[in-house]
Amino acid sequence: MTFHLLKKIDLLDLAEIIDVQTIQPLMDDFYKLTHIPIGLNDLKGSVLAGVGWQDICTRFHRVHPETCKHCVESNINLSSGITPGEFKMYKCKNNMWDVVTPIMVGD
């Protein structure tokens with residue numbers, strides 16, 4: 001039965017599994033302590049939560065359709081092929097650096 005449940009979890013989107021409204025204040029507190037910007041994205045490139053991002057990202061890249069496409073493409077690229085416990089650095093088409101590590105649910 002546990003295996004069957006894990007298979008169903010694998011089919012859900014991250015936003016269906018976690019409580020973003022509970023995680024966002026934790027991320028805000030983490031940023032206040034460390035001043036390290038952080039974002040939580042799903043495998044489709046959608047931003048679920050974030051804090052401390054540079055204005056160039058939030059007020060320009062994410063607002064304009066062409067540069068926003070680059071952001072989504074980067075988020076999808078970043079979320080693939082990373083071993084649990086490892087991280088990946090990536091320079092997007094908007095010339096911004098990102099570092100990512102996966103959140104694993106189920107397998």
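Structure's up top.
Residues numbered from 1 in each chain as written. Predicted model: local features only at pLDDT ≥ 70, side-chain atom pairs only at ≥ 80, totals over all residues. Heavy atoms only, no water.

**Q** I'm lost on unusual backbone geometry in this one. Help?
**A** Most peptide bonds take the trans form, and the phi angle of most residues other than glycine is negative. Of note in the backbone geometry, His35 takes a positive phi value of approximately 60 degrees without being a glycine. Judged by its relative accessible area of 57%, His35 falls in the exposed class. (Buried < 20%, exposed > 50% of the residue type's maximum accessible area, 1.4 Å probe, protein only.)

**Q** Where do I start with the pairing of strand β3 (residues 88–91) in this structure?
**A** Consecutive side chains along a regular strand alternate between the two faces of the sheet. When β3 meets strand β4 (residues 97–100), the two strands line up antiparallel, connected through four bridges. Bridge pairing in β4 links Tyr90 to Asp98. What sits between the antiparallel neighbours β3 and β4 is a turn of five residues, in which Asn95 has the positive phi angle 65 degrees. (Pairing = 2+ DSSP bridges. Helix = DSSP H or I, 4+ residues; strand = E, 2+ residues; numbered from the N terminus.)

**Q** What exactly am I supposed to notice about the environment of Val51 here?
**A** Inspection of the secondary structure puts Val51 in strand β2 (residues 47–51). By relative accessible area, Val51 is classed as buried at 14%. The spatial distance from the C-alpha of Val51 to the C-alpha of Ile36 is 8.6 Å, given a sequence separation of 15 residues. Beyond its immediate chain neighbours, meaning those up to four positions away, Val51 contacts Gln24, Met27, Asp28, Tyr31, Pro37 and Ile38. (Contact = heavy atoms within 4.5 Å.)

**Q** How should helix α3 (residues 20–34) be read in this particular structure?
**A** Each α-helix winds once per 3.6 residues, and so residues spaced three or four apart point in a common direction. With 15 residues, α3 ought to run about 21 Å at 1.5 Å a step, and its terminal C-alpha atoms sit 20 Å apart, in line with that. Measuring from the side-chain oxygen of the N-cap residue of α3 to the backbone nitrogen of Gln21 gives 3.2 Å; that N-cap residue is Asp19. Backbone geometry just after α3 places His35 at a positive phi near 60 degrees. (Expected span 1.5 Å × (residues − 1). Polar contact = N/O pair within 3.5 Å; in protein donor to acceptor, adjacent residues only side chain to side chain.)

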